[in-house]
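So the chains spell out like this:
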Amino acid sequence: MSTPPEWVTRRDGGVLVAVKAVPRSLRNGAVGVQDGAVRIQIAAAPHKGQSNAALFAYLADRAGVRTNAVRLRRGSSGARKLIDILRTMPADQTVSLEASQSKIILKGGKSKFTLQTL
């Protein structure tokens, strides 16, 4: 198992991801790392939580989990956010983490979460 990048922290049942959200972009996607956080562009405007909802949907889709498994730990109204991505696994399965500075893969049983910056 390799050392995870600075923008992700492994925890029981999932990961914490440090995000720098950029609303009003052309499309949704992770585009790089900025100041210790993965920079994710979101097409939605930051109005009444629309960009947070779009960010959660994007991360849930990439993680292969339901949107309600993505929770905001910190940063509801700012660009810098700490996001908890929960993955429930049977007790007999382990979670493995492979990471580099631009890519993280979280595997557990048959499920796999990949987030790669460009």
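Residues numbered from 1 in each chain as written. Predicted model: local features only at pLDDT ≥ 70, side-chain atom pairs only at ≥ 80, totals over all residues. Heavy atoms only, no water.

Asks: Can you break down the overall build of the protein chain residue by residue, with the values?
Replies: Counting secondary structure elements, the protein chain contains one helix and nine strands. N-terminal to C-terminal, the α/β element order of the protein chain is β-β-β-β-α-β-β-β-β-β. Out of the 118 residues in the protein chain, the part that is buried amounts to 43%. (Helix = DSSP H or I, 4+ residues; strand = E, 2+ residues; numbered from the N terminus. Buried < 20%, exposed > 50% of the residue type's maximum accessible area, 1.4 Å probe, protein only.)

Asks: Could you give an account of the nonpolar core, with specific residues and numbers?
Replies: In this structure, I40 and I85 are the most contacted members of the largest nonpolar core, which totals 27 residues. Secondary-structure elements contributing two or more residues to this core are β2 (14-22), β4 (37-41), α1 (50-63) and β6 (80-86). In contact with I40, not counting residues within four places along its chain, are V19, K20, A21, V22, G29, A30, L55, Y58 and L59. (Core = buried A, V, L, I, M, F, W, Y, C linked by side-chain atoms within 4.5 Å. Contact = heavy atoms within 4.5 Å.)

Asks: A description of the pattern of salt bridges should follow, citing residues and the corresponding values.
Replies: Working definition: two side chains of opposite charge can pair if their charged atoms are close together. Counted under the stated rule, the structure contains one salt bridge. When the shortest N-O distance is used, the salt bridge between R73 and D84 registers 3.5 Å. Pair noted here: R73 is in strand β5 (residues 70-74) and D84 is in strand β6, with a separation of 11 residues, a long-range link. With a relative accessible area of 5%, D84 lands in the buried category. (Salt bridge = Lys/Arg side-chain N within 4 Å of Asp/Glu carboxyl O.)

Asks: Account for α1, with residues named and values stated.
Replies: Between the first and last C-alpha of α1 there are 20 Å, a value that for 14 residues agrees with the 20 Å anticipated at 1.5 Å per step. The set of residues buried in α1 consists of S51, N52, A54, L55, F56, Y58, L59, A60 and A63. Of the residues one or two after α1, G64 is the one with positive phi, at around 75°. (Expected span 1.5 Å × (residues − 1).)

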